[in-house]
Amino acid sequence: MALRQPAGEPALVPDAAPCIVDAGARAAYVGPSFTLGRHRNAVAVLAVGLEAEFDFGERDDRRDARPLRHVLIPPGRWHWLDARGGAMGFLYLDACDAAWRALDAAMPIDGTALVAAFRRLPSASAPISHTWRALVDALDLPTPMPTDAGVADAMARVQRDPSRPHDVASHAARLGCAVSTFQRRFTAQAGLPWRRWRQWQRLRHAARAICDGADLTSAAHAAGFASGSHFSDVFRATFGLAPSRLVDWRVAWRAVEY
């Protein structure tokens, strides 16, 4: 059953280039559906059919296929979906992000409002920070906003140069506190443990570089990954596809700056 386009919302062109919105430690995708077999993600994924219902299941033989408008897929769960080329929206939330559990507890949610929010994401007529905020608000997701100056400084150092080791001990030493204290302060402020948050920053740095024309190995090293294959493994585990697809599918990478 087709989903009605909300009044005033931009139409999605089936063969338009896909767009990934990078919000630091969360991300979203809008565009033509990926052609993926049965797979699993290291993160939680909210999948939304933007033009029609999609088929979803977890079994290899697909005998459990069922049509859905949206589904929240927990981290590590094997699944497949088939939108037959129709437009999809995906929201990626880290396994350590409490937001996905809150979202899971709130299901089912308003599908019409969700579709409208995803459709706004790639709009060129509004700042990406505004359209991302609309999606977060539609899902009533909490957004960590660090107020601890020491934690904010540590985050800024990683964002400026993710290629450095950025071991937690060195950042704790800068603040004159124990590693365990820094970890607690950081997680409370950022919403994720240090290593998970740092990995998201490296992912976004490398992926943006690839979209801007860098080769995989150079992008991986500049972001702090040990090798191109290391980056590829982490990217595939997060998004369910190889980073080379960013180039193959002309993915536009748009970053939300805070």
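Fair warning: this is a prediction, and the values are worked out from it, not measured in the lab.

Engineer: Lay out the sheet that holds strand β2 (residues 26-32) in plain terms, naming residues and giving numbers.
Structural biologist: Pairing between the strands of a sheet is mediated by backbone hydrogen bonds and can be parallel or antiparallel. With mixed pairing, six strands are arranged side by side in an open sheet as β6-β3-β8-β2-β1-β9. The strands lining the two open edges of the sheet, one partner per strand, are β6 (70-73) and β9 (252-255). Strand-to-strand, the axes of this sheet are offset by a mean angle of 15°, without reference to chain direction. Contacting β2, β3 (44-49), β6 and β8 (87-93), helix α2 (residues 111-120) crosses the sheet at an angle of about 95° to β3. The strands touched by helix α3 (residues 128-139) within the sheet are β1 (19-22), β2, β3, β8 and β9, with β2 carrying the most contacts at an inclination of about 100°.

Engineer: Describe the state of the cysteines, listing the residues and the values that go with them.
Structural biologist: Within the structure shown, the criterion is met by zero disulfides. For the unlinked cysteine Cys-19, the closest cysteine sulfur is that of Cys-211, found at 9.6 Å.

Engineer: How would you sum up helix α5 (residues 168-175)? Please name residues and give values.
Structural biologist: Those residues of α5 lying buried are Val-168, His-171 and Ala-172. Each buried residue of α5 sits inside an arc of 100° when the element is viewed along its axis, so together they form one side. Those residues of α5 that are exposed and angled more than 90 degrees off the buried face are Ala-173 and Arg-174. Of the residues trailing α5, Gly-176 is marked for its positive phi of about 70°.

Engineer: Outline the pairing of β6, supporting the account with residue identities and numerical values.
Structural biologist: Burial along β6 is two-sided: His-70 and Leu-72 and Val-71 and Ile-73, pointing in opposite directions, are all buried. Relative to β6, β3 runs antiparallel, the two sharing four bridges. Paired with Val-48 across the two strands is His-70, which belongs to β6.

Engineer: Go over the nonpolar core, please, and point to the residues and values.
Structural biologist: Phe-54, Phe-90 and Tyr-92 are the most contacted members of the largest nonpolar core, which has 49 residues in total. The next biggest cluster of nonpolar side chains, apart from the first, holds 28 residues, and it includes Leu-72, Trp-100, Val-115 and Ile-128.

Engineer: Now, about the pattern of salt bridges: what can you tell me, with residues and values included?
Structural biologist: Evaluation of the coordinates by the stated rule reveals 12 salt bridges. A salt bridge links Arg-196 to Asp-94, with the shortest nitrogen-to-oxygen separation between them at 2.6 Å. Here Arg-196 is found in helix α7 (residues 194-211), whereas its partner Asp-94 is found in the loop between β8 and α1 (98-106), with 102 residues between them in sequence. Overall, Arg-196 belongs to the partly exposed group, its relative accessible area being 24%.

Engineer: Can you break down the packing of α2 against α3 residue by residue, with the values?
Structural biologist: Two elements in contact, α2 and α3, have axes whose closest approach is 8 Å; the angle formed by their N-to-C orientations is 165°. On the basis of their axis angle, the class for α2 and α3 is roughly antiparallel. Regarding α2 and α3, the two cross each other, and that crossing is left-handed. Of α3, the residues touching α2 (which contributes Ala-113, Leu-114, Ala-117, Phe-118 and Arg-120) are Thr-131, Ala-134, Leu-135, Ala-138 and Leu-139. Looking at the contact of α2 with α3 residue by residue, the class counts come to eight nonpolar, one polar and one charged.

Engineer: Please give an account of the sheet that holds strand β4 (residues 54-57) that cites residues and values.
Structural biologist: If you trace the three strands from one edge of the open sheet to the other, you get β5-β4-β7, paired in antiparallel fashion. A strand with exactly one partner marks an edge of an open sheet, and here the two such strands are β5 (66-68) and β7 (80-82). Within the sheet, the average angular offset between the axes of one strand and its neighbour, ignoring direction, is 35°. As paired elements, β4 and β7 share three bridges and run antiparallel to each other. From the neighbouring strand, Gly-57 faces β7, where its bridge partner is Trp-80.

Engineer: Can you explain the side chain of Arg-26? Please cite residues and give values.
Structural biologist: Looking at where Arg-26 falls in the secondary structure, it is placed in strand β2. We classify Arg-26 as buried; its relative accessible area is 8%. In terms of polar contacts, Arg-26 uses its side chain to reach the side chain of Asp-97, at 2.7 Å. Residues in contact with Arg-26, not counting those within four places in the same chain, are Val-21, Tyr-92, Leu-93, Asp-97, Ala-99, Trp-132, Leu-141, Pro-142, Thr-143, Pro-144 and Trp-200.

What counts, and at which threshold
- Residues numbered from 1 in each chain as written.
- Predicted model: local features only at pLDDT ≥ 70, side-chain atom pairs only at ≥ 80, totals over all residues.
- Heavy atoms only, no water.
- Pairing = 2+ DSSP bridges.
- Helix = DSSP H or I, 4+ residues; strand = E, 2+ residues; numbered from the N terminus.
- Axes fitted to C-alpha atoms, helices over the stretch in contact; angles between N-to-C directions.
- Contact = heavy atoms within 4.5 Å.
- Disulfide = S-S within 2.5 Å.
- Buried < 20%, exposed > 50% of the residue type's maximum accessible area, 1.4 Å probe, protein only.
- Arc of directions from axis to C-beta.
- Core = buried A, V, L, I, M, F, W, Y, C linked by side-chain atoms within 4.5 Å.
- Salt bridge = Lys/Arg side-chain N within 4 Å of Asp/Glu carboxyl O.
- Parallel < 35°, antiparallel > 145°, perpendicular 65-115°, else oblique.
- Left-handed = near helix turned anticlockwise from the far one by under 90°.
- Nonpolar A, V, L, I, M, F, W, Y, C, P; charged D, E, K, R; others polar.
- Polar contact = N/O pair within 3.5 Å; in protein donor to acceptor, adjacent residues only side chain to side chain.

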